[in-house]
Amino acid sequence: VSQVVQLKEVFMTAEHVYIITEKLEGGELFDALLERGSLKEEEVAVCVRSIVQGVKAMHEKNIVHRDLKLENLLVRRRGGLDDIAIADLGLARNCKAGHAVQRVCGSPLYAAPEVLQGGAQGATIPGYGRCVDNWSLGVVTYLLLSGRPPFNGRTNAQLFTQIVRGAFSFKHPMWDSVGDTAKS
């Protein structure tokens, strides 16, 4: 799968594990966003399409990433936001349809409500599934379009309350130039 960082070799010693991956020259998507402030809708669409392809490929193999965030999305070549590779699968787990993962993990800003609440409302199986990656992808998209996080709080508890409530808005002036389709 070209949208997931390719593992080349693993070397182990008594004290260390060395993981060799393909070379990606563009850096983190987080750094690209910091450099630009925000992206044009067209750039975001191309970038997100690349990420969605990677998430789709992982989900087709029953893998849930659980820590999708700007820092774990790598740009293959400098300036080329059309080719993104998903990295850092340290929290990834096998998660077949109808099964659930239960451990609360990942980065607070990107956490889905079901991760924070211990499972999807109305679910017959406690825990959460692959859909939590889709939530994280929504947070990534919001950040790429606006350069700002959709949720914030002085503490994680305040942040988690906003996430569980879905309390975000498009009221900042930055959103005035973003089309309704992108917001949707």
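Now for a look at the structure at hand. These numbers come from a predicted model, not from an experiment. (Residues numbered from 1 in each chain as written. Predicted model: local features only at pLDDT ≥ 70, side-chain atom pairs only at ≥ 80, totals over all residues. Heavy atoms only, no water.)

**Quick look at the nonpolar core**
- With 32 residues, the main nonpolar core has Leu 29, Ile 51, Leu 70, Leu 73 and Leu 144 as its most contacted residues.
- Looking at this core, the elements that each hand over two or more residues are helix 1 (29-36), helix 2 (41-60), strand 4 (73-75), strand 5 (84-86), helix 4 (131-146) and helix 5 (156-165).
- The next biggest cluster of nonpolar side chains, apart from the first, holds eight residues, and it includes Val 64, Cys 95, Cys 105 and Tyr 128. (Core = buried A, V, L, I, M, F, W, Y, C linked by side-chain atoms within 4.5 Å. Buried < 20%, exposed > 50% of the residue type's maximum accessible area, 1.4 Å probe, protein only. Helix = DSSP H or I, 4+ residues; strand = E, 2+ residues; numbered from the N terminus.)

**Some words on the pattern of salt bridges**
- Going through the model one piece at a time under the given rule, you end up with five salt bridges.
- Glu 25 is the partner of Lys 23 in a salt bridge, and the nearest nitrogen-oxygen pair spans 3.6 Å.
- You can call Lys 23 exposed: its relative accessible area is 67%.
- You can call Glu 25 partly exposed: its relative accessible area is 44%.
- The partner of Lys 69 in a salt bridge is Asp 67, and the shortest N-O contact between them spans 3.8 Å. Each member of the pair, Lys 69 as well as Asp 67, is classed as buried.
- Within this structure, Glu 22, Arg 76 and Asp 83 form a network of salt bridges that share partners. (Salt bridge = Lys/Arg side-chain N within 4 Å of Asp/Glu carboxyl O.)

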